[in-house]
Amino acid sequence: MSQKPVDIVIVGAGVVGLSAALALAATKLNILVLDAQAAHAQPSGNRELSDWSRRVTALTPASTQFLSELDAWQSMCEGGRIGPYTDMVVWDSEGTGLIEFDAGSLSLDALGYIVESTVTTDALVNRVNQTPNIAIQWDTWLADLDFTTTHVRVVPREGDEIHAQLVIGADGGRSVSRELAGIRTRQWSYGQKAIVATVRVAPEHSSACWQAFLPTGPLALLPLAENDLCSIVWSLDDSEAQTWIDADDQAFLRGLNLALGGRGPLVTEVSERQLFPLVQCHAVDYLSDRFVLVGDAAHAIHPLAGQGINLGLSDAQVLATEVSFAHSRGATWWAPSVLKRYERQRKGDNLAMMAAMQAFKWGFGSRNPAITMMRNAGLSAVDALPMAKRWFIQQAVGGR
Ligand SMILES: Cc1cc2nc3c(=O)[nH]c(=O)nc-3n(C[C@H](O)[C@H](O)[C@H](O)COP(=O)(O)OP(=O)(O)OC[C@H]3O[C@@H](n4cnc5c(N)ncnc54)[C@H](O)[C@@H]3O)c2cc1C
């Protein structure tokens, strides 16, 4: 059975898919967002250790500016669950290399904000529900895409098929829409997983982000909106990650504090821990006829720089700008030439970030003394040179 046609189907109601929908709202095109989940989890109203979602993201000021333009940031802040960070300390656990910087040196209120993903999706869903030309259809798993000369047939596993002029694939790192559109990827697994958890620290975190580069992978301590709570992302080889998941809390805390090496506050309590596999994956092309990829569906990166969501928000913003511009001029807004302009602007940035992640992973994963010396000298040189340091900071706060 066929449903009423829509202009755009967005597959995936994650942060990127919802932001793309809202950024396109002013065109007045009819937009339908599909998601396989029943609905997103709501942010907790409570503030105990176990009440904080394990999945957090570090939003740059450029990303929060975009979320403000979508009228989502204001309500995100009202809940009191946004953790601004004003200082960043990055060090090499095997040597002397250290970079430190703070918001004041950039005349910013904060370098960024640690936010539970549920807070962001909740605010975006509320905005979508207030927008007449966007609808969300939950519980809808994309099963097939059929590209005809006049439209795309979007076929869910259950329910009516939908006809659209353009499909936006925002269905995350294991994108089904990307596969159905026949877009190849270059991907590799690090043979690593990230442990994520909420921890209590003493003394208070002072709104600082702490990141240690260990030979096993990076470990980040990210300040939440409660002064004594942080989120951790600890990347480890598969077998070691499982050992730390199975360890009892006291053993885990000892291991975590040892890994932090006395820098930053002491970790005194830990929530339930969760594991995420780490893969890097980049779509060879971001588009095919009447189809375009955004967010993790186009590029899943190592979380060591916490940039995944920020790159995805940039994708949503640039794609919406290009499509809206073409639409406002009465042009064929779904044409490959329009989508190509988006790809040209985003692919370079995304590739550069992925290459930097690879270089960090390679450099800090090595115990070779020559490489240890080079990276220590490199980190300290960046810290000492104002221009180099400014570039490093620019990457951290986002430059859109
Ligand atoms: C351990 C870890 C830590 C991270 N830390 C950070 C960080 O500090 N900062 C940062 O910026 N990023 C971080 N990231 C990355 C960040 O979480 C992702 O970049 C971000 O969630 C991607 O958003 P997205 O909307 O593209 O995809 P997703 O959030 O994956 O959303 C995809 C949506 O598509 C839906 N979907 C999937 N398949 C289908 C289908 N067939 N049909 C219909 N719907 C479907 C899903 O239900 C989901 O709602 C981290 C990632 C990991 C693994």
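Above this text sits the structure in question.
In this report, the structure presented in the accompanying data block is examined. For clarity, every value in this text was computed on a predicted model and none was experimentally measured. (Residues numbered from 1 in each chain as written. Predicted model: local features only at pLDDT ≥ 70, side-chain atom pairs only at ≥ 80, totals over all residues. Heavy atoms only, no water.)

### Things to note about the overall build of the protein chain
Move 1: The helix and strand inventory of the protein chain stands at 11 helices and 20 strands.
Move 2: The buried share of the protein chain, reckoned over its 400 residues, is 54%.
Move 3: Taking all contacts inside the protein chain whose residues are at least 6 apart in sequence as the whole, residues at least 24 apart take part in 73%.
Move 4: Looking at the protein chain as shown, the accessible area adds up to about 17,100 Å², and 53% of this sits on carbon and sulfur atoms. (Helix = DSSP H or I, 4+ residues; strand = E, 2+ residues; numbered from the N terminus. Buried < 20%, exposed > 50% of the residue type's maximum accessible area, 1.4 Å probe, protein only. Contact = heavy atoms within 4.5 Å. Areas by Shrake-Rupley, 256 points an atom, 1.4 Å probe, with all protein chains shown as cover.)

### Digging into the side chain of Ser-235
Move 1: For Ser-235, the location among the structural elements is in strand S15 (residues 229–237).
Move 2: When neighbours within four sequence positions are excluded, Ser-235 is seen to be in contact with Gln-192, Lys-193, Ala-194, Thr-216, Gly-217, Pro-218, Leu-278 and His-302.

### A short note on the sheet that holds strand S4 (residues 83–85)
Move 1: Pairing is antiparallel in the open sheet, where 3 strands are placed in the order S3-S7-S4. Bordering the open sheet on either side are strand S3 (56–59) and S4, each of which pairs with just one other strand. Geometrically, the sheet is characterised by an average inter-axis angle of 25° between neighbouring strands, direction not taken into account.
Move 2: Lying on the sheet, helix H4 (residues 117–129) is in contact with S3 and strand S7 (112–116); it crosses S7 at an angle near 85°. (Pairing = 2+ DSSP bridges. Axes fitted to C-alpha atoms, helices over the stretch in contact; angles between N-to-C directions.)

### Examining the packing of aromatic side chains
Move 1: A complete count under the given rule lists 7 aromatic pairs for this structure.
Move 2: A ring pair is formed by Tyr-286 and Tyr-342, whose centres lie 6.2 Å apart and whose planes are at 45°; its orientation type is tilted. In this pair, Tyr-286 sits in the loop between strand S17 (274–283) and strand S18 (287–288) while Tyr-342 sits in helix H9 (residues 336–364), placing the two residues 56 residues apart along the sequence.
Move 3: With a relative accessible area of 0%, Tyr-286 lands in the buried category. (Phe/Tyr/Trp six-rings, centres within 6.5 Å; stacked < 30°, edge-to-face > 60°.)

### Considering the site of the ligand
Move 1: By nearness alone, 31 residues border the ligand, and Asp-35, Arg-55, Asp-296, Gly-306 and Ile-309 come closest of all.
Move 2: Here a nitrogen atom of the ligand and a backbone polar atom of Leu-142 are 3.0 Å apart.
Move 3: With the chains in place, 87% of the 1,000 Å² that the ligand exposes on its own is no longer accessible.
Move 4: Contributing elements (two or more residues each) for the shell around the ligand: helix H1 (15–23), S3, strand S12 (185–202) and helix H8 (308–328).
Move 5: Residues of the shell around the ligand, tallied by class, amount to 15 nonpolar, 12 polar and 4 charged. (Near = heavy atom within 4 Å. Polar contact = N/O pair within 3.5 Å; in protein donor to acceptor, adjacent residues only side chain to side chain. Nonpolar A, V, L, I, M, F, W, Y, C, P; charged D, E, K, R; others polar.)

### A few points about the nonpolar core
Move 1: By size, the foremost hydrophobic cluster in this structure holds 71 residues, and its most contacted members are Ile-8, Val-9, Ile-10, Met-76, Val-154 and Ile-168.
Move 2: In terms of residue count, H8 provides more of this core than any other element does, 8 residues in total.
Move 3: Ignoring anything within four residues of it in the chain, the contact list for Val-9 reads Leu-32, Leu-34, Val-154, Ile-162, Ala-164, Leu-166, Val-167 and Ile-168.
Move 4: Core analysis: the next-biggest nonpolar cluster, separate from the first, contains 27 residues, Leu-214, Leu-221, Ala-241 and Leu-253 among them. (Core = buried A, V, L, I, M, F, W, Y, C linked by side-chain atoms within 4.5 Å.)

### Structural notes on helix H7 (residues 249–260)
Move 1: Across its 12 residues, H7 extends 16 Å between first and last C-alpha, which sits within 8% of the 16 Å expected from 1.5 Å per residue.
Move 2: Within H7, the full set of buried residues consists of Ala-251, Phe-252, Leu-253, Gly-255, Leu-256, Asn-257, Ala-259 and Leu-260.
Move 3: Capping the start of H7, Asp-248 holds a side-chain oxygen 3.1 Å from the backbone nitrogen of Gln-250, two or three residues further along.
Move 4: Taken from the residues just after H7, Gly-261 is the one with a positive phi, measuring 65°. (Expected span 1.5 Å × (residues − 1).)

### Let's talk about the pairing of strand S6 (residues 98–102)
On any regular strand, side chains alternate: one points to one face of the sheet, the next to the other face.
Move 1: Of the two faces of S6, the one lined by Ile-99 and Phe-101 is fully buried and the one lined by Leu-98, Glu-100 and Asp-102 carries no buried residue.
Move 2: Here 5 bridges tie strand S5 (residues 87–92) to S6, and the two strands are oriented antiparallel to one another. Counterpart to Met-88 in the pairing with S6 is Phe-101.

### Re the pattern of salt bridges
Move 1: According to the stated counting rule, one finds 13 salt bridges in the structure shown.
Move 2: Residues Asp-228 and Arg-200 are paired through a salt bridge, measuring 2.9 Å at the closest nitrogen-oxygen approach. Residue Asp-228 is located in the loop between strand S14 (217–223) and S15, and its partner Arg-200 is located in strand S12; the two are separated by 28 residues in the primary sequence.
Move 3: A relative accessible area of 23% means that Asp-228 is categorised as partly exposed.
Move 4: A salt bridge links Arg-200 to Glu-269; its shortest N-O distance comes to 2.8 Å. With Arg-200 in strand S12 and Glu-269 in strand S16 (residues 266–270), the pair connects residues that are 69 residues apart, well separated along the chain. (Salt bridge = Lys/Arg side-chain N within 4 Å of Asp/Glu carboxyl O.)

### A short note on the packing of H1 against H4
Move 1: As a packed pair, H1 and H4 sit with axes 10 Å apart at the nearest point and diverge in direction by 30°. Between H1 and H4, the interaxial angle falls into the category roughly parallel. By crossing handedness, the relation of H1 to H4 is classed as left-handed. The residues of H4 that touch H1, namely those facing Val-15, Leu-18, Ser-19 and Leu-22, are Thr-120, Thr-121, Leu-124, Val-125, Arg-127 and Val-128. (Parallel < 35°, antiparallel > 145°, perpendicular 65-115°, else oblique. Left-handed = near helix turned anticlockwise from the far one by under 90°.)

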